[in-house]
Amino acid sequence: MPCSSSTSMEQNLLSSFTQSLENHSKPSLKPLCIARSLITNPSTTNQTISFIIQTLTSNPHLPLHHLTTLLSQISLTHPHFSPTITTLLHSLLTRPAPVPPRAATLALSTLVSLPPASDCSDMVTAEGLFLSLCFGSSVSVRHRLLLDAERYDVRPSILLTVFLGFTQDPYPYVRRAALDGLIGLCNRIVVEDRGMIEGCYVRGVELLADTDDCVRCSSVRMVSKWGELLVANSDDKSKRDLSDALYVQLCSVVRDMSMNVRVEAFNALGKAGMVSQYLLMQTLSKKVLDEVKFPGQLSGKHFRSRALSAAGAFLHGLEDEFYQVRSSACYSLRMPAILSADLAEKVLGLLMDVLNDDSTVVRLQALETMHHMAVFGNLKVQEMHMHMFLGTLVDMNSPVRFTSRKVLRLTKFDNMPMFKLAVDSLIHSLEIYPHDEPDVLSVVFEIGRNHRSFAVSVTGETFLEMEPSTASNWDFNSSKTAAMLTLAISAPLSHEKQQHSNIIPSTIFSYAVTMLGRISNGLTEVMDQATLLSYLSHCSASTGPHPVEVEDDLTMENCPISVSHAADPLQPHDEEYKVVKLVLSNIAEVWQPMFKLGCTSELLAALRCWKEELTTHITDSRQSSSVLTFTLQYLHVVKLLSKAWWYVMRPSDFIYNEAGELGYVLQKLETKLRGLRYRFIGLSKEEELHIEELTLVVSALRLSTYDPRIHEPALKKLLNYKEASTEPSRFLTELKNTLQKDESDIHRFHKSLELFTLKQLVLSRDLRHTRAEVEIQDNDWLKPFPFMAGLPVGIPLNIKLHDTTLESKLWLKMSCSKDAVDYVFIDLKQFEGSDEIREYRFIAPFYKTPKVDSFMLLLCIGMECEDITCCRGHGYGGPDHELVYLCKEKQVFFSMVHSIKL
């Protein structure tokens, strides 16, 4: 109940509100301000709100705009009045007297966000009012309606016509809103009318010559989006010509007078799909290329026309006076840089010149593009580029130096002088910026592993200088010593295949022990300090030169070198989070183009490279970052999806030949997706919808196979999901249309799958990873637990749960064979601790002991997926839904107790 003071305050304000309305014959803001204060107060009683509504609607002098504003506020702060507000707004919009456009717009905006009133059988249609207001005289109302057009229940065909019409509006901001609406509409609906697509594309091309900058910016995005749709809806013979024409059209805008338009143009060029090589080569050269060099392409005046339009497009961008344009041009060079070695060589030459740019943003973007090339294996640094490239290692800006070292990790050097120059440059940068020592030592270690023979040669020269003598003045406490010792100890752990043993002086490893702390700080991504000490001690144990032979899995004889893990599980490091964002962005950027070009093996190689890069940030396998763990599992999902996709969409080229192989891949995909959906707490609505859409893609892939055994569950999943998404993509829209048709052709889902686009996933930092740890003390195959066949047996367990809420339903699954499976419900209320960590000790009963002398039991903790699409009964007393497992299976060993005869 509200207190007496608040009630009296409410009555005083209500009295002031009534008196103000009675004392002011003309409109005044005072009573409106009082009414707003009462409305926004959540403690205001329903009687007061009802009185305010009655008073406002009965006052003929109150401006309609203020009335609709207050009614809209009531609908937000007091939702139980929504039916009343709906009725009032409906009567307001259908009154005979004209309603001011601003009031009508606000009333319509509020009305479409509220549920319809049950007593209004003749409700005004949002579509009709939307159209009448759009064609009214108020420019501000028209602009606002076009910006918020998605909110109104207007048919897409009508909306498309309205947007196209208003692209010729006399006001530039209205034209821009119409163009943006067409771009958004292209993302939400499936357009099959080629004439309509061409009309939208041509309208966008026309507006590239608009007099207003903001309109031209939107028209560039319009041409790019609808141009891609036009290419996708054309036949195979004309796809290349149309794609080239689109690319040339975008190239023609890179010389626009507006800086923002030029930025948009280069952004669009970076998203282009398949383009002829002669056009890409022409964009990198101002001189028109000879058509003889490109047989089979266009000839004569057509070749020269397109070549002139595209000539030097990227050069103009890299020489632009604004750093925003230069940075955008550097980014868009990623696309041609990964398509062929010739293009990569040209791009690299341009990027080397950009490394001298005055803008830090441009230098950083150039290095990021080089890193992108290196990931795809197209970065071939020549000797003439070395001094320019290595100069960025001593840049005044820390992110530039870090990115330069990141590129250096993946760079392959062809000869010894280039390798030695790189090592010397790293040491020089370390002497100038000593606070960069951990990352520099990490890079030295990595390039040493990548170039074993060069590292051994440099180590031999260094060892002669380090040998104690009267003439030696070597400083054993310098940064150079730390770097050279790191390089030396990296050679035995090389990535290269070992053809023969190389002689590494054991003294080198003894020297490295004296700098253990500094070196281990740089190698935290590879091994912890204890492992490093064990490795160095092993290698320095013998006197004289030590022959080192290394396995591929980073282990030495009697000296395993294991990866160490020690990251904060709750707060991702800034650098780690930055790498995760970059990897997720790269996945979304390259997945679709790589499949269109048929580069499946290259895509899988890129996924492996990104996985390796992410694993370098893992510092403790049991406490790794939730964001990093999610990203690694997501990479695995994309890898499996790529394999399944190629098998279904290109069955003649895929490596698998049996449907059983595909079924196995799809089953793993569904399991991984369930883990992403239910084992991570804190996913946003967009992230959940992203995973849901991938689940639907897997179901559509299942239904596109020849194996009838996997059709029924996949179809059930699609039927359950088809109404789930509130803002469906083109893939989901086409999928829904396909499901509504009664067809049995397995190829009917191919069109839906071809419309699927892997969107970029943006993760928040607040993810928490649900997991479990199970300990079973004093049990192994040498010390089994005793049991009697046919009688229950108890298993003492120590269970620790991480990031598990009380609402979760957990089960302990125990199985010794496919038929002998027991489930024990885990009551979280018995656990001590909080959601972050819960611990509990109990004895789990297993009832289905077999009649054997000994057996092994597999034990695991699973969490129910409470979803209608995941229903699967496990028998009486077991879970009702599918389980996602929170830990690896534990092995428990048992041995029968034999009775003793007296």
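You'll find the structure just up there.
Residues numbered from 1 in each chain as written. Predicted model: local features only at pLDDT ≥ 70, side-chain atom pairs only at ≥ 80, totals over all residues. Heavy atoms only, no water.

A.B. asks: So what's going on with the state of the cysteines? Residues and values would help.
C.D. replies: Disulfides are covalent bonds that connect the sulfur atoms of two cysteines. Going through the model one piece at a time under the given rule, you end up with zero disulfides. Not part of a disulfide, Cys200 finds its nearest cysteine sulfur in Cys186, a span of 8.3 Å. Judged by relative accessible area, Cys200 falls into the buried class, the value being 0%. Here Cys217 is not cross-linked by a disulfide; its sulfur's nearest cysteine counterpart is in Cys214, at 7.5 Å. (Disulfide = S-S within 2.5 Å. Buried < 20%, exposed > 50% of the residue type's maximum accessible area, 1.4 Å probe, protein only.)

A.B. asks: Kindly report on the packing of aromatic side chains, identifying the contributing residues and their values.
C.D. replies: Summed over all chains, the structure comprises 16 aromatic pairs. Here Phe413 and Phe419 contribute two aromatic rings whose centre-to-centre distance is 6.4 Å and whose plane-to-plane angle is 75 degrees, an arrangement assigned as edge-to-face. Phe419 shares its class with Phe413; the two are buried. Consider the rings of Phe630 and Phe680, whose centres lie 5.0 Å apart with planes at 85 degrees: the pair is edge-to-face. With a gap of 50 residues between them, Phe630 in helix 33 (residues 626-649) and Phe680 in strand 5 (residues 680-681) connect regions that are remote in the sequence. Judged by relative accessible area, which is 4%, Phe680 ranks as buried. The structure contains a cluster of three or more aromatic residues connected by ring pairs, namely Phe785, Phe787, Phe846, Phe855 and Phe894. (Phe/Tyr/Trp six-rings, centres within 6.5 Å; stacked < 30°, edge-to-face > 60°. Helix = DSSP H or I, 4+ residues; strand = E, 2+ residues; numbered from the N terminus.)

A.B. asks: Summarise the side chain of Glu693; cite the residues concerned and give the values.
C.D. replies: With respect to the helices, strands and loops of the structure, Glu693 is situated in helix 35 (residues 685-702). Judged by its relative accessible area of 10%, Glu693 falls in the buried class. At 3.4 Å, the side chain of Glu693 and the side chain of Lys759 are in polar contact. Discounting residues that sit within four places of it in the chain, Glu693 has contacts with Ser729, Phe731, Leu732, Phe756 and Lys759. (Polar contact = N/O pair within 3.5 Å; in protein donor to acceptor, adjacent residues only side chain to side chain. Contact = heavy atoms within 4.5 Å.)

A.B. asks: Go over the environment of Leu669 with me, naming the residues and quoting the values.
C.D. replies: Structurally, Leu669 can be placed in helix 34 (residues 659-678). Linking Leu669 and Ala644, residues 25 residues apart in sequence, is a C-alpha distance of 9.1 Å. For Leu669, the residues in contact, after removing those within four places along its chain, are Val637, Leu640, Leu641, Ala644 and Val698.

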